[in-house]
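Structural characterization, general
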Amino acid sequence: MTPDEPWLDPGPFLRGVAWLEQGRAVRADPADTARLPWDTGERATLPIGVRLEFTAGAGAHAMEIRYRATVPGPTDALRDLAHGFALWDRSGLLTEVFTDPAAEAVVRIGLPAGGGPFTVHPPEAQAPLVLGLRGVGGPLAPAPRAPRWVVHGDSITEGWWSTRPAHGWPAVTGRALGWDTVNLGYAGAARGELATAEQLAALPADVLTLAFGTNCWSRVPFSAPLLYETTRAFLELVRQGHPQTPLLLLSPVLRPDAERTPNRLGATLGALRDAMERAVLERVVAGDGRLALLPGRDLLGPGHLADGLHPNDEGHRVLGLAVAAALRRAGFDTTAPAGPAD
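Residues numbered from 1 in each chain as written. Predicted model: local features only at pLDDT ≥ 70, side-chain atom pairs only at ≥ 80, totals over all residues. Heavy atoms only, no water.

Let us look at the sheet that holds strand β10 (residues 129-136). Spatial ordering of the open sheet is given by β8-β5-β10, a layout of three strands whose pairing is antiparallel. Pairing within the sheet leaves two strands with one partner each, and these edge strands are β8 (104-110) and β10. Averaged over neighbouring strand pairs, the angle between their axes works out to 20° when direction is ignored. Sheet analysis places strand β5 (residues 62-68) next to β10, joined by seven bridges and oriented antiparallel. Within β10, the residue paired with Arg68 across the bridge is Leu129. (Pairing = 2+ DSSP bridges. Helix = DSSP H or I, 4+ residues; strand = E, 2+ residues; numbered from the N terminus. Axes fitted to C-alpha atoms, helices over the stretch in contact; angles between N-to-C directions.)

Strand order in the open sheet formed by five strands is β13-β12-β14-β15-β16, and the pairing between neighbours is parallel. This sheet does not close on itself; its edge strands, each paired only once, are β13 (180-185) and β16 (291-294). Put simply, the sheet's adjacent strands are angled 15° from each other on average, direction ignored. In terms of strand pairing, strand β15 (residues 247-250) meets β16 through four bridges, oriented parallel. Its bridge partner lying in β16, Leu250 is registered against Leu294. Strands in contact with helix α3 (residues 169-177) are β12 (148-153), β13, β14 (207-211) and β15; relative to β12, the strand with the most contacts, it is inclined by about 160°. (Contact = heavy atoms within 4.5 Å.)

Let's shift gears to α3. Among the nine residues that make up α3, seven are buried, leaving the element largely enclosed by the rest of the structure. Listed in full, the buried residues belonging to α3 are Trp169, Pro170, Ala171, Val172, Thr173, Gly174 and Leu177. Against β12, α2 (155-158), β13, β14, β15 and α7 (313-329) lie the buried residues of α3. In the segment just after α3, Gly178 is the residue with positive phi, at about 70°. (Buried < 20%, exposed > 50% of the residue type's maximum accessible area, 1.4 Å probe, protein only.)

Structure (structure tokens):
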């Protein structure tokens, strides 16, 4: 294949896609946005975790990606921020390529020998829309499908304070298990919204993970009884669409300023965490054999937090590997892919 040949449709190469709206990957059901809080809908427009996965045929020494992205205005503090594309394989980062901000551009990424499979993480914060891709010197093919892991949470799940998209804990877990991670982390949100539970219930998934609760301490204060009942209702709605799908709930990780500090309804984060965990364990005892709990309190230490709340890169790595280990302990890592998502 030469650079003059036609561009390939990116669709078969895209991974981490929950829903599509006019060809653009979005992270909430576009037919059901009216029931979602504004902050959830806003974050859902960013293609967090969406990436390209492919193998390279004989002779392919580079790939090109044609894309559109958001360009900050002339007074925006981030107007000069380059668009970064990171090439990974299962062993780690291979290379990064940076391009100047542009509404539409083509980036070329060199490929090592071996054929892959490879993953390209685009600059998700600039809401990139991949228009096409092609091999240089040889063909590209979509990577084989992997089990589809849908993970829902807040800004920690979305990957805040990780320095690259590939460093967020869901990306770390997905690489460790060889899964197709679908990231439904919503910064500032993920407070147990039942409309989100219904969307998860309708979304194809081979494995599910829920990781909300931190924003129930401060952003929208919950009491412990309210979060207990919300967790019960959230799980019940998800189970209506996924009665046997392996499901792991990760309770809130360490937040030093909140652990023993009451919110406006008198609940500490410790009490909220206990309420969530009790709701999960009661459901397990009642017979949900495909539900598992990973208590979050002791997974990270203060040194893993960049700002007292969000993990740094090392914190994301530690958390991602802990989640992978919990999924393995529960036997969920034996899940086979069900096929392409609808």
